[in-house]
Amino acid sequence: MLWLLFLLAQASGAQDEVAVGERIFAKSCAIGYCHGSGGAAGRAPRIQGRSFTPEYLLKVTREGIPGTAMPGWQGRLSEEEIRAVVAYMLSISASGRAAVVASGSSTTPAPVVVTPPDAKAGRELFFDAVRGTRCGTCHALEDRGVPVGPNLAASPPRSVGAIRNPPLGEVRTARLAGGDEFPALLVEEKDGWVKLYDLTVPPPVLRTLRASELELSPGSRWRHADAIASYTDQELELVLAYLRWLAR
Amino acid sequence: MRTVIAAFVAAGVLLAQPGATGKDWPHYGGLYSAWRYSALDQINRSNVRSLRPVWAFQTGDYDGGLQATPIVVDGVVYLSTAHNWVFALDGATGRELWQYRYPLPKDITTIYGPWNRGVAVGLGKVFMGTLDNHVVAIDQKTGRELWRVNVEDARQCGCNITGAPLLVKDKVIVGVTGGDSAHRGYLNAFDANTGRHVWRFWTIPGPGEPGHETWPGDSWKYGGGATWMTGSYDPELNLVYWAVGNPAADFYGEDRRGDNLYTNSVVALDADTGKLKWYHQQIPHDVWDFDTAYECVLLDLPVDGKMRKLLLNVNKSGYTFVVDRTNAEFISAWPLVKHINWVQGIGKKGELIGRNEPEVGKPKFLCPSIGGGRSWNQGAWSPRTGWFYSTGLEWCQEVTAVKEDPVEGQPFFGGTFEWRHPPGEQAHSHLGAYDPLTGKRFWSYRYNYMLLASVLATAGDLVFTGDPEGHFFALDARTGEKLWSFQTGSGHRGSAVTYEIGGRQYIATPSGFGSALAGALGQLWPEMENFRKGSTLFVFALPEGD
């Protein structure tokens, strides 16, 4: 009798999990281009009525499928939420609700990292999309931004002044045979061709030029302060707090 | 108005307009005016039955289908594929001259793709937007990359580029996806020679700019307004016309009460500066995902006896809008499909009458579906008949709005939908011939699935398109009678073009089914889940000596 009660309890817990998963699925997976309402197929494959193992669904939901539109949800959904979505998908799959109970619902919560408020504000400023040009236009951190300039988490600038006017040893002046002259960051020199970033205006342009038509000389008139002119000192203090926190 | 157009057609007046392609197919829409009409008439109503394949080119990149418009310049065909591969092919033989494969990051994921709708060619270069939101320039002769610029980090914005760029003078103008994501849309111009950024037009005005007041709170930062298709250009007026898509969240509008400018609008921009000259908003405060994203067809027609410079734009809602392209004055709006219930109608000034909006938590039956009264594939206009040829889709859906908060770069739909057959009949589609001003239909070709490929019209009085089952076919432009058909082996989602080399006319069509919409058609027709993918360019001509 007790054993039966336990089974029932487990099943009803699983039902709750399916209901939670259904809500998450509707919002995150069913939407326009993806798996369709109720998993009935969208641009992405149908879930309804097909056969899956719980392990496969967990792996794909967590990690995504590289090279396709399927993103990894680890970090965007909690482990509980991922398991709930998988439970829901199993419930609408060919295996049906029985598979949900069989798959169990033990969870291993991921460690939670809390960003301090000033670092959080700094991160928002770093990637502030409202500005046409922001720090992230030329620097990448935490899997966001464009990695043209140096990795700022490796050795954060010491002060706001150092952010405005960092050492620019790597930026050179490129002169083309046609007369065009621009600040450049060398990327690669190979087989008579040069790849470099043209820094004239943001965003930087990766150009491939014939070495014979190009002359590179040290130094340039380019100033980092011009590129980040939209930031106040106060804002840069917060950006600094973010960089320091990343380098902690 | 019809009789007046007919009189002008009879007098041949419309043929004098510079919109017909000749030997080349130089731009996405044919010429800048986006007619998708060719003056070539070697292949015509009397001999099209002899049309046969002369070569086929398999790209090998079949996931996502082949959605491009091939560009043809001086006998060379430039073709782009879903994962940003570009091929230069000899237009007469199909011989590969070069290929370029854009190095996409392995871990890329996007809800807008994988697909690509074409390149722009000019100034010795081939230009393409990429799935990871770059613009790239390739040497037209060698296929070597010249420059590449990351418009905005795709991982952050959740946006990318799938539409063909528009090359205007020395600027390459590129739109962006992201209309169903928490993103603020824009249109960018880059210097074609160096890749340097020249101007940006934000489709959602920022603080202090006119129109910003149509977005409460922070909604402007995440309001969509994608520019995902390709615009047109009027050299005389030096104006670039671009259609701006829906606001986000698509179905839930409570947090963005207001007109939401310039979403669902056609904007006219100074080609040199990107400054807004005028806008015409078709759907203020859209809550149906009815993008104004499709082609801007530029044509001059008599309105009440007076020639006017016009712009015709098919909206996803099933309505086609015509405005004066010098000043945005509303001329007319007409329905392309039968099943429309999101509004009761459109008034004399273009105003919406009787809005029927989705509701939170309660499914509502709405027509057409968000797949559109037509999809993005383009129509065609023939100055010989004076008619606009377009596909139309008859289908509906149940939409349930859901309150949703934006997360930057993440999908932001604010609801869900399920496709439904329309009241009293099966979902289906048609290709019709319409008066461009009144929408009067002269003939209609019915098809039992959805027609999702562009239309090509020619001076041979033919219209060509393809269907999802793989047939590529020609109809008589004057009667709609089917004259010729060829099975290409995979469905059609791209755009056919025509060109001439050495006195011989060729018709080229992409074949290869795929796209967001194509994949979801299984909701209505389960057998469509098994329709085969592909990625092949088929080229046809008359037998030599004919």
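Novice: It is not clear to me how the overall build of chain A should be interpreted in this structure. Could you clarify?
Specialist: Regarding its fold elements, chain A presents eight helices and seven strands. Within chain A, the fraction of its 248 residues that count as buried is 44%. Contacts spanning at least 24 positions in sequence make up 52% of the contacts within chain A whose residues lie at least 6 apart. Roughly 13100 Å² of accessible area belongs to chain A as shown, and the carbon and sulfur atoms make up 56% of that amount.

Novice: Can you walk me through the environment of Gly512 of chain B in this structure?
Specialist: Residue and element names in this part refer to chain B. Relative to the elements of secondary structure, Gly512 occurs in the loop between strand S37 (504-511) and helix H3 (516-520). The exposure class assigned to Gly512 is buried, which follows from its relative accessible area of 0%. Spatially, the C-alpha atoms of Gly512 and Ala248 are 30 Å apart, while their sequence positions differ by 264 residues. The residues touching Gly512, leaving out its near neighbours within four places in the chain, are Gly65, Leu66, Ser490, Gly491, Arg493, Gly534 and Ser535.

Novice: Explain unusual backbone geometry here, please?
Specialist: The phi angle of most residues is negative, glycine excepted, and most peptide bonds adopt the trans form. That bond from Pro202 of chain A to Pro203 of chain A is cis: its omega, -5°, falls within 30 degrees of zero. Following Cys367 of chain B, the chain continues into Pro368 of chain B via a peptide bond in cis, with omega recorded as -5°. Positionally, Pro368 of chain B belongs in the loop between strand S25 (364-366) and strand S26 (380-382). Even without a glycine there, the phi angle at Asp143 of chain A is positive, about 60°. Mapped onto the secondary structure, Asp143 of chain A falls in the loop between strand S1 (140-141) and strand S2 (144-145). Phi is positive for Asn260 of chain B, which is not a glycine, with a value near 60°.

Novice: What is the right way to read the side chain of Glu295 of chain B from this model?
Specialist: All names here are of chain B. With respect to the helices and strands, Glu295 occurs in the loop between strand S18 (276-281) and strand S19 (296-303). At 3.0 Å, the side chain of Glu295 forms a polar contact with the backbone nitrogen of Gly379. Apart from residues no more than four positions distant in its own chain, Glu295 is found in contact with Leu312, Asn313, Val314, Arg374, Trp376, Gln378, Gly379 and Phe388.

Novice: Sorry if this is basic, but what is going on with the interface of chain A and chain B here?
Specialist: A common way to express how large an interface is: the accessible area buried when the components associate. Opposite the 45 residues of chain A that make contact, chain B presents 48 residues. Here chain A packs against chain B, burying approximately 3800 Å² in sum over the two surfaces, 53% of which is carbon and sulfur. Scanning the region where chain A abuts chain B turns up five salt bridges. As a salt-bridge pair, Glu529 of chain B and Arg46 of chain A come within 2.7 Å of each other at their nearest N and O atoms. Inspection of the chain A/chain B interface yields 11 residue pairs in polar contact (both at pLDDT 80 or more).

Novice: Could you clarify how one ought to interpret the packing of aromatic side chains in this entry?
Specialist: Aromatic ring pairs are reported here in terms of the distance separating the ring centres and the angle at which the planes meet. Residues and elements named next belong to chain B. In this structure the tally under the stated criterion is 38 aromatic pairs over all chains. Measuring from ring centre to ring centre gives 6.4 Å for Trp288 and Phe290, while their planes differ by 15°; the resulting arrangement is stacked. A residue is classified by how much of its surface remains accessible, and Phe290, at 1% relative accessible area, is buried. A centroid spacing of 6.5 Å and a plane angle of 70° characterise the contact between Phe464 and Trp484, whose relative ring orientation is edge-to-face. Within this pair, whereas Phe464 is found in strand S33 (residues 462-466), its partner Trp484 is found in strand S35 (residues 482-487), the two being separated by 20 residues in sequence. Neither Phe464 nor Trp484 differs from the other in exposure class; each is buried. Looking at Arg184, its charged tip hangs above the ring of Trp202, at a distance of 3.9 Å from the centre. One Lys or Arg, Lys482, reaches over the ring of Phe473 and ends 4.8 Å from the middle of that ring.

Novice: Please explain helix H5 (residues 117-126) of chain A as it appears in this structure.
Specialist: Side chains that are three or four residues apart share a direction in an α-helix, a result of its 3.6 residues per turn. All names here are of chain A. Within the span of H5, buried status applies to Ala119, Gly122, Arg123, Leu125 and Phe126. Seen from one end, H5 has its buried residues packed into an arc of 160°, which puts them on one side. Facing away from the buried surface of H5 by more than 90 degrees, the exposed residues are Pro117 and Glu124. Taken together, the buried residues of H5 touch S1, S2 and helix H8 (233-246).

Novice: How should I be thinking about H8 of chain A in this particular structure?
Specialist: All names here are of chain A. Helix length check: H8, at 14 residues, gives a terminal C-alpha distance of 20 Å against a target of 20 Å (1.5 Å per residue), a fit within 8%. Buried residues of H8: Glu235, Leu236, Val239, Leu240, Ala241, Tyr242, Leu243 and Trp245, and no others. Lining the buried residues of H8 we find H5, S1 and helix H6 (160-164).

Novice: Teacher, can you tell me more about the confidence of the model for chain A here?
Specialist: As a general rule, the predicted coordinates of low-pLDDT regions are not to be interpreted in detail. Taken residue by residue, chain A gives an average pLDDT of 85. The fraction at 70 or more is 84%. In this model residues 1-10 of chain A is a low-confidence stretch, pLDDT under 50, and it forms one contact with partners more than four residues away in sequence or in other chains.

Novice: Got a minute to help me understand the sheet that holds strand S3 (residues 171-176) of chain A in this structure?
Specialist: Sheet strands associate in pairs through backbone hydrogen bonding, adopting either a parallel or an antiparallel arrangement. Read across the open sheet, the nine strands follow the order S7(A)-S3(A)-S4(A)-S5(A)-S6(A)-S10(B)-S9(B)-S8(B)-S7(B); overall the sheet is antiparallel. Across the chains shown, the open sheet's two edge strands, defined by having one partner strand only, are strand S7 (214-218) of chain A together with strand S7 (120-122) of chain B. Recorded for the sheet is a direction-independent mean angle of 30° between the axes of neighbouring strands. Relative to strand S6 (residues 205-210) of chain A, strand S5 (residues 193-198) of chain A runs antiparallel, the two being bridged by six bridges. Note on S6 of chain A: the bridge partner recorded for Trp193 of chain A is Arg210 of chain A.

Novice: Help me understand the environment of Leu310 of chain B in this model?
Specialist: Residues and elements named next belong to chain B. Here Leu310 shows up in strand S20 (residues 306-314). A residue is classified by how much of its surface remains accessible, and Leu310, at 0% relative accessible area, is buried. Separated by 199 residues in the primary sequence, Leu310 and Thr509 have C-alpha atoms spaced 29 Å apart. Residues contacting Leu310, with those up to four places away along its chain left out, are Val297, Leu298, Leu299, Asp300, Leu301, Val303, Val322, Val323, Asp324, Arg325, Ile331 and Leu437.

Novice: Explain the state of the cysteines here, please?
Specialist: Here, disulfide denotes a covalent bond that connects the sulfur atoms of two cysteines. All names here are of chain B. A full pass over the atoms with the stated rule returns two disulfides over all chains. A sulfur-sulfur distance of 2.1 Å marks the disulfide that ties Cys367 to Cys396. In this structure the cystine formed by Cys367 and Cys396 twists about its S-S bond by roughly 100°; its chirality is therefore right-handed. With Cys367 in the loop between S25 and S26 and Cys396 in strand S28 (residues 396-401), this residue pair connects regions lying 29 residues apart in the sequence. For the pair formed by Cys367 and Cys396, the shared burial category is buried.

Novice: Mind showing me how you'd approach the pattern of salt bridges here?
Specialist: If the charged atoms of two oppositely charged side chains come close together, the side chains can form a pair. Counted under the stated rule, the structure contains 48 salt bridges over all chains. Several salt bridges share partner residues, and in doing so they unite Arg45, Arg384, Asp461, Asp476 and Arg478 of chain B into one network.

What counts, and at which threshold
- Residues numbered from 1 in each chain as written.
- Chains lettered and ligands numbered in written order.
- Predicted model: local features only at pLDDT ≥ 70, side-chain atom pairs only at ≥ 80, totals over all residues.
- Heavy atoms only, no water.
- Helix = DSSP H or I, 4+ residues; strand = E, 2+ residues; numbered from the N terminus.
- Buried < 20%, exposed > 50% of the residue type's maximum accessible area, 1.4 Å probe, protein only.
- Contact = heavy atoms within 4.5 Å.
- Areas by Shrake-Rupley, 256 points an atom, 1.4 Å probe, with all protein chains shown as cover.
- Polar contact = N/O pair within 3.5 Å; in protein donor to acceptor, adjacent residues only side chain to side chain.
- Buried area = accessible area lost by both parts, 1.4 Å probe.
- Salt bridge = Lys/Arg side-chain N within 4 Å of Asp/Glu carboxyl O.
- Phe/Tyr/Trp six-rings, centres within 6.5 Å; stacked < 30°, edge-to-face > 60°.
- Lys NZ or Arg CZ within 6 Å of the ring centre and 35° of its normal.
- Arc of directions from axis to C-beta.
- Expected span 1.5 Å × (residues − 1).
- pLDDT = per-residue confidence, 0-100.
- Pairing = 2+ DSSP bridges.
- Axes fitted to C-alpha atoms, helices over the stretch in contact; angles between N-to-C directions.
- Disulfide = S-S within 2.5 Å.

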